[in-house]
Amino acid sequence: MQAKFFEDPQKFQKETANLIYKLYKKSIEENKLFTLMLSGGRTPLPVYEELASEYKDKINWEKVHIFWGDERYVDQKSEESNFKWAHDLLISKINISSNNVHRIKTELPIEKATQEYVKKIINFFGQQNPIFDLILLGIGEDGHTASLFPSSDTLKESKKLFTVTPPSGTPKLPRITATYKLLNKARNILFLSSYKGKEKVIDEILNHPKIAEEKFPAAKVKVKNTYFFIKI
Ligand SMILES: O=C1O[C@H](COP(=O)(O)O)[C@@H](O)[C@H](O)[C@H]1O
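As annotated in an unreviewed UniProt entry, the chain is 6-phosphogluconolactonase from Petrotoga sibirica. Comment text from UniProt for the chain, heading Catalytic activity (unreviewed entry), reads "6-phospho-D-glucono-1,5-lactone + H2O = 6-phospho-D-gluconate + H(+)". If you open the UniProt record of the chain and go to Pathway (unreviewed entry), you find "Carbohydrate degradation; pentose phosphate pathway; D-ribulose 5-phosphate from D-glucose 6-phosphate (oxidative stage): step 2/3."

Set out below in structure tokens:
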């Protein structure tokens, strides 16, 4: 586990994009492609912009497959859509085929959208327990990650890779989320979070992980190669 705190927002976005690039290169060497699961929220947005500018030509985007770890159940063009922000700031600016962009289809009924996404992932990886090269995650003020919220039944889901989250969070919306079954298999996890308003949550996750596990869903993501990049 590695935790880094950044006072300079420019440094945060540059170092984060650079780490993503390093992990991309390693995956390409080993597996010839890079499976990247994006998070929602606002914190990763400058990183998406950095990737779209500095890494537009350094990364062979045809070898990258983009997925989402959670989605708010809204139209894909809504300001609240996790897909929309990644699309506008990154995907629309790089040379990537639409076949490599795997969004959650929120135009379908929510259960169907969830099941179809699981099917799509299983078909893509050719196995029931997919291993993503890199999963980006955020941390909410309540310790949620993806759309796994404290005290939610979604935390107990052990069979499915994705599940439906009843209206939760800010904005309070139904959501579709990856479960621990999927997240805890990743090769690399990169938490991107701001620190303000989340100091207690982040300090506890980093310094008292066992206690944090009882309260904060983010603390239950347990992967050997986990990075915390925190913007102060
Ligand atoms: O609602 C969500 O919030 C979290 C944290 O977002 P941030 O704006 O504090 O960075 C995010 O990780 C999650 O994907 C999103 O749906």
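Some words on the UniProt feature "domain: Glucosamine/galactosamine-6-phosphate isomerase" (unreviewed entry) in the chain
Within this structure's numbering, the places UniProt gives as "domain: Glucosamine/galactosamine-6-phosphate isomerase" (unreviewed entry) are residues 8–224. Between the end C-alpha atoms of residues 8–224 the distance is 27 Å, and the span holds 35% helix and 17% strand.

Details of the sheet that holds strand β6 (residues 162–168)
Across the sheet, which stays open at both edges, the three strands sit in the order β4-β7-β6 with antiparallel pairing between neighbours. Pairing within the sheet leaves two strands with one partner each, and these edge strands are β4 (70–72) and β6. Strand-to-strand twist of the sheet, defined as the mean angle between neighbouring strand axes without regard to direction, takes the value 20°. Running over the sheet, helix α4 (residues 110–125) touches β6 and β7 (173–178) and is turned about 145° from β6.

Focus: the nonpolar core
Membership of the largest hydrophobic core comes to 77 residues, with the highest contact counts inside it found for W68, F162 and L182. The element that contributes the greatest number of residues to this core is helix α1 (residues 9–31), accounting for eight residues.

Rules used throughout
Residues numbered from 1 in each chain as written. Predicted model: local features only at pLDDT ≥ 70, side-chain atom pairs only at ≥ 80, totals over all residues. Heavy atoms only, no water. UniProt positions renumbered as here; feature names shortened; annotations may be inferred. Helix = DSSP H or I, 4+ residues; strand = E, 2+ residues; numbered from the N terminus. Pairing = 2+ DSSP bridges. Axes fitted to C-alpha atoms, helices over the stretch in contact; angles between N-to-C directions. Contact = heavy atoms within 4.5 Å. Core = buried A, V, L, I, M, F, W, Y, C linked by side-chain atoms within 4.5 Å. Buried < 20%, exposed > 50% of the residue type's maximum accessible area, 1.4 Å probe, protein only.

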